[in-house]
Amino acid sequence: MTQLRQLGLYDNTLTGTVPKSLFRLSNLVYLNLADNTFIGTIDWEEMSHHQKNLHRLILHNNFFEGSIDFHLLAKSPSLALLGLSNNLFGGYIDTTVGSMTNLEFLYLDRNKLVGSIPNGIGDLIHLKALNLDENELYGTLPHTLGTNMTSLEFFSAKGNTISGGLPASIKLLTSLKTLNLASNALSGHIRHLSSMTSLENVHLYQNTFSGPIDGTMFEKLPNLEVLFLSSNSLTGGIPTEVASAQRKLRGVYLSDNKLTGSIPQEVCALYKLEDLFLDANDFGGTLPDCLGNLSALQRFYAFKNRFSGHVPSALMNLPRLVELGVEENDISGGLHEDQTCTPVLEKGLSIWADCIELDGGCDCCDRCCLDRNKNC
């Protein structure tokens, strides 16, 4: 088997440790042991000594443990894909990771890695995807992030305890399509995104970002599809520039912030919008009648605000709307069976409202929230 170039043993029920002899197959370009129940450590030294042609190493969804010796992996000069997701690897990501100069895809998510993301990560000039989700990483984002990473299209490090703000260098990631730093301890204003002109998906929820939403982001990100900023401490209102994102924007998630003001009419220009989550803020005013023009809207959450007036009938009758939450507001006027419930029941729309507090009742509500019941 000394001439073997590709070995795929993925998606079986193989157990035990990986024998050293496997890494002595020096002509391998592809090795995939994913989706088994392998245990133990990887002999990185044995691998680095023999694997000079290895292009793709995929070990995800096993029970491998121990540290990852990036300085030894760097001795496999052809390595372009390193997939180690969902194992038990621990230790630090040391700065020698930057020596893996031909690496294009690095997946280290769902392990037990600790420490901060090293500055050496910025030396991976060919990297296209970096996933560090759900480890035990802390510290700030490296100031080298973006410096030489012009090929990076996907960066995710959600579910860690990374702190500090977004470094200025991140604006140099002009090829980045997905940025996911959700569920960390990041703070400060959300800056620099408007320079990242390829962004499609922004997930920064469950942090402690503050300050206003940058309106220029909507003008300068023509491909923006999802903006997920829930569970921060953002202030101010919804920028009127939001209308500039109408060509592709499908999801706006602003729940659980400190946002104020009314819903601007410009929101109604987002004709591809499927989800609009504004709940648990301090918005006020009436719900604009033009929300009934959002023909693609499926979920509208406006509960726990200070909205007043009535729920526009055109909104209730949107053909794709399946969830409507308006409880814990000052909505009045009722949602009557003879007015709106027939189309509601026919399409299976779920409505949450303060049923007793509505003047006319809510015969077609899915759930009645009595006296602002926190468990509603």
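Everything below is about the structure shown above.
Residues numbered from 1 in each chain as written. Predicted model: local features only at pLDDT ≥ 70, side-chain atom pairs only at ≥ 80, totals over all residues. Heavy atoms only, no water.

Undergrad: Help me out: how do you make sense of the state of the cysteines in this one?
TA: Note on terminology: disulfide describes a covalent bond linking the sulfur atoms of two cysteines. Counted according to the given criterion, the structure contains 1 disulfide. Covalent S-S linkage joins Cys268 and Cys290, the inter-sulfur distance amounting to 2.0 Å. Here the S-S torsion is close to 60 degrees, and the disulfide linking Cys268 with Cys290 is therefore right-handed. Of this pair, Cys268 sits in the loop between β22 (260-261) and β23 (275-277) while Cys290 sits in the loop between β24 (282-286) and β25 (299-301); the two residues are 22 residues apart in sequence, bridging distant segments of the chain. (Disulfide = S-S within 2.5 Å. Helix = DSSP H or I, 4+ residues; strand = E, 2+ residues; numbered from the N terminus.)

Undergrad: Quick question: what am I supposed to make of the pairing of strand β26 (residues 306-309) here?
TA: If a strand is regular, its side chains alternate between the two faces of the sheet. Pairing between β24 and β26: 3 bridges, direction parallel. For Thr286, the partnering residue across the bridge sits in β26 and is Ser308. Note that β26 and strand β28 (residues 330-331) share 2 bridges and pair parallel. Following the sheet pairing, Gly309 is matched in β28 by Ile331. (Pairing = 2+ DSSP bridges.)

Undergrad: Any chance you could explain the pattern of salt bridges here in plain terms?
TA: It is possible for side chains bearing opposite charge to pair when their charged atoms get close. Evaluation of the coordinates by the stated rule reveals 8 salt bridges. Note that Lys20 is salt-bridged to Asp43, the shortest N-O span being 3.5 Å. Pair noted here: Lys20 is in the loop between β2 (15-16) and β3 (30-32) and Asp43 is in the loop between β4 (37-40) and α1 (44-50), with a separation of 23 residues, a long-range link. Taking the relative accessible area as the measure of exposure, Lys20 reaches 45% and is therefore partly exposed. On the basis of relative accessible area, Asp43 is assigned to the partly exposed category, the value being 22%. For Arg110, the salt bridge goes to Asp109, with nearest N and O atoms at 3.0 Å. A relative accessible area of 5% places Asp109 in the buried class. (Salt bridge = Lys/Arg side-chain N within 4 Å of Asp/Glu carboxyl O. Buried < 20%, exposed > 50% of the residue type's maximum accessible area, 1.4 Å probe, protein only.)

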